[in-house]
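Examining the three-dimensional arrangement
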Amino acid sequence: MSELTVTLLRIGYLALLWLLVLSAITVLRRDLYGTRIIDRRKAPAPRGAPAGADAPAPAAEPAPRTPRRTRGGGPSRLVVTEGPLRGTTVPLGSSAVLIGRAPSCTLVLDDDYSSSRHARLFPQDDQWFVEDLGSTNGTFVGDHRVEQATPVPTGTPVRVGQSVLELQR
């Protein structure tokens, strides 16, 4: 092999090693800092003031009716807002989300106050419902204990053990 080929192989190998190091650093950074939490209860107030000038367009409010009819405007993710897994996001599709401590659950909670199969969140008729699966400590939508399948509006807190979950767009 020529000296040029050996030099190019060394440079390529060095670049590949740096790519590996940078990708490892990116993964470590993501694990350490987690997902950024945005408090949506505080965000509309500052944004609402400048948007107040554009109030005539939202005043008609056809947008809230549209998400109920079409699945595209409904919630797209389940976010853990409080508890040991704060910041965890689960994308929502057309299948149910099983919540609990069991490894077979969609959202596995690291929480002594949740059951192995605690609750189920499922879509039905363009709406999301939560159902308690016979847990010891119960499932709560807002402040109300879930006794049967209960609709969950977007942004309403659902408490499962020590964790609080929300459906978000």
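So, how was this worked out
- Residue numbers run consecutively from 1 along every chain, following the written order of its sequence.
- Local features in this predicted model are restricted to residues of pLDDT 70 or higher, and side-chain atom pairs are both shown and tallied only at a pLDDT of 80 or more, whereas totals for entire chains, interfaces and linings draw on every residue.
- Neither water nor hydrogens contribute to the side-chain values; these are computed over all heavy atoms in the structure.
- Within 6.5 Å between ring centres, the rings of Phe, Tyr and Trp (the latter by its six-membered ring) count as paired, and their orientation is classed by plane angle as stacked under 30 degrees, edge-to-face over 60, tilted in between.
- Exposure classes here rest on a 1.4 Å probe applied to the protein chains alone. A residue is buried below 20% of its type maximum, exposed above 50%, and partly exposed in between.
- Whether a charge lies above a ring is judged from NZ of Lys or CZ of Arg, which has to be within 6 Å of the ring centre and within 35 degrees of the ring normal.
- Each helix is a run of DSSP H or I of at least 4 residues and each strand a run of E of at least 2, with the numbering of both proceeding from the N terminus.
- Pairing between two strands requires that DSSP report at least two bridges joining them.

**Some remarks on the packing of aromatic side chains**
This model, assessed by the stated rule, comprises one aromatic pair. Measuring from ring centre to ring centre gives 5.8 Å for F122 and F129, while their planes differ by 20°; the resulting arrangement is stacked. Its relative accessible area of 14% is what places F129 among the buried residues. In this structure, R120 packs its charged tip against the face of F122, placed 4.1 Å from the ring centre.

**Considerations on the environment of A102**
As for its placement among the helices and strands, A102 is situated in the loop between β3 (97-100) and β4 (107-108). You can call A102 buried: its relative accessible area is 14%. Once the C-alpha coordinates of A102 and S116 are considered, the two residues, 14 residues apart in sequence, prove to be 4.6 Å apart.

**Let's talk about the sheet that holds β3**
Sheets are built from strands that pair by backbone hydrogen bonding, the pairs being arranged parallel or antiparallel. Read across the sheet, five strands follow the order β4-β3-β5-β6-β9 without closing on themselves; strand pairing throughout is mixed. Two strands lie at the open edges of the sheet, namely β4 and β9 (150-151), each paired on one side alone.

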